[in-house]
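Reading the structure
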Amino acid sequence: MAKKKVTAVIKLQCPAQKATPAPPIGPALGPHGVSAPQFVQQFNDKTKGYEPGLILPVIITVYADKSFSFILKTPPAAVLIKKALGLQSGSGTPNKTKVGKLTQAQLTEIATTKLPDLNAFDIEAAKKIVAGTARSMGVEVEK
């Protein structure tokens, strides 16, 4: 079986089970000849196991025959931190204004969720990466 020729790789962040062909999805896929409604239907079907509205990064590979495939990634660490602490957004001045405190248990849970997509070999390295993200958002990390 011959390999298909890849014409584009598109990276998007879409809400689980709530994606629509409206911007940003439609305009991102349109120039490459990909059917936005077809992608949206497949994406929403594939994200049934996730909490509705949770932001998920997706990498769409577009082939020469206008077909496509996509890979779902784990939600961004910032989204998981905001969800764990019930925050609307991070701090505008993270070095001065703190918006919350992340416990070690929450940090471990988020790091475990993110581990497949992080550049880390073990859970301790993943926890350090997530803790850095939390600090840049103005969230204190408990020792």
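Further up the page is the structure itself.
Quick look at the structure, then. Being a predicted model, the structure only gives us computed values, none of them experimental. (Residues numbered from 1 in each chain as written. Predicted model: local features only at pLDDT ≥ 70, side-chain atom pairs only at ≥ 80, totals over all residues. Heavy atoms only, no water.)

When its secondary structure is counted, the protein chain shows five helices and five strands. Reading the protein chain from its N terminus to its C terminus gives the helix and strand order β-α-α-β-β-α-β-α-α-β. Taking the principal axes of its C-alpha atoms as reference, the protein chain extends roughly 55 × 30 × 25 Å. Considering the protein chain as a whole, with its 143 residues, one finds that 36% of them fall into the buried category. Restricting the contact set of the protein chain to residue pairs at least 6 apart, pairs at least 24 apart contribute 61%. A total of about 8400 Å² of accessible surface is found on the protein chain, and carbon and sulfur atoms cover 56% of it. (Helix = DSSP H or I, 4+ residues; strand = E, 2+ residues; numbered from the N terminus. Buried < 20%, exposed > 50% of the residue type's maximum accessible area, 1.4 Å probe, protein only. Contact = heavy atoms within 4.5 Å. Areas by Shrake-Rupley, 256 points an atom, 1.4 Å probe, with all protein chains shown as cover.)

Turning to helix α3 (residues 77–85), its buried residues are Ala77, Val79, Leu80 and Ile81. Of the surrounding elements, those touching the buried residues of α3 are β2 (55–63), β4 (100–102), α4 (104–114), α5 (123–136) and β5 (139–141). Positive phi shows up at glycine 86, right after α3, with a value of about 70°.

By volume, the largest pocket amounts to about 210 Å³. Taken together, Tyr50, Leu54, Thr74, Pro75, Leu80, Lys83, Ala84, Gln106, Glu109, Ile110 and Thr113 make up the full set of residues lining the largest pocket. Only α3 and α4 provide two or more residues apiece to the lining of the largest pocket. Examining the composition of the lining of the largest pocket, we find that four residues originate from one element, α4, more than from any other. For the lining of the largest pocket, the class distribution of residues is six nonpolar, three polar and two charged. (1 Å grid on protein atoms, 1.4 Å probe; cavity = no way out; pocket = protein on both sides within 12 Å on 5 of 7 lines; lining within 4 Å. Points joined across faces, edges and corners; volume = space filled by probe spheres on them. Nonpolar A, V, L, I, M, F, W, Y, C, P; charged D, E, K, R; others polar.)

This paragraph deals with the packing of aromatic side chains. Taken as a whole, this structure holds five aromatic pairs when the rule is applied. Taking the centre distance of 6.0 Å and the plane angle of 65° together, the rings of phenylalanine 39 and phenylalanine 68 count as edge-to-face. Taken together, the positions of phenylalanine 39 in helix α2 (residues 36–46) and phenylalanine 68 in strand β3 (residues 68–72) put the pair 29 residues apart, joining distant regions of the chain. The pair formed by phenylalanine 39 and phenylalanine 68 is uniform in burial state, with each residue classed as buried. (Phe/Tyr/Trp six-rings, centres within 6.5 Å; stacked < 30°, edge-to-face > 60°.)

It is worth spelling out the side chain of threonine 47 at this point. Secondary-structure assignment places threonine 47 in the loop between α2 and β2. Residue threonine 47 is classed as buried on the basis of its relative accessible area, which comes to 0%. If near-sequence neighbours (up to four positions away) are discounted, threonine 47 is found in contact with Ala16, Gln17, Leu56 and Leu72.

With respect to the helices, strands and loops of the structure, lysine 5 is situated in the segment before β1 (6–15). With residues up to four places along the chain from it excluded, the contact list for lysine 5 reads Val62, Tyr63 and Ala64.

A few words on the pairing of β3. The side chains of a regular strand alternate, residue by residue, between the two faces of the sheet. A one-sided burial pattern is seen for β3, the buried positions being Phe68, Phe70 and Leu72 and the unburied ones Ser69 and Ile71. As paired strands, β2 and β3 are joined by five bridges and run antiparallel to one another. Bridge pairing in β3 places threonine 61 opposite serine 69. (Pairing = 2+ DSSP bridges.)

The quantities given are spatial measurements derived from coordinates; they are silent on function.
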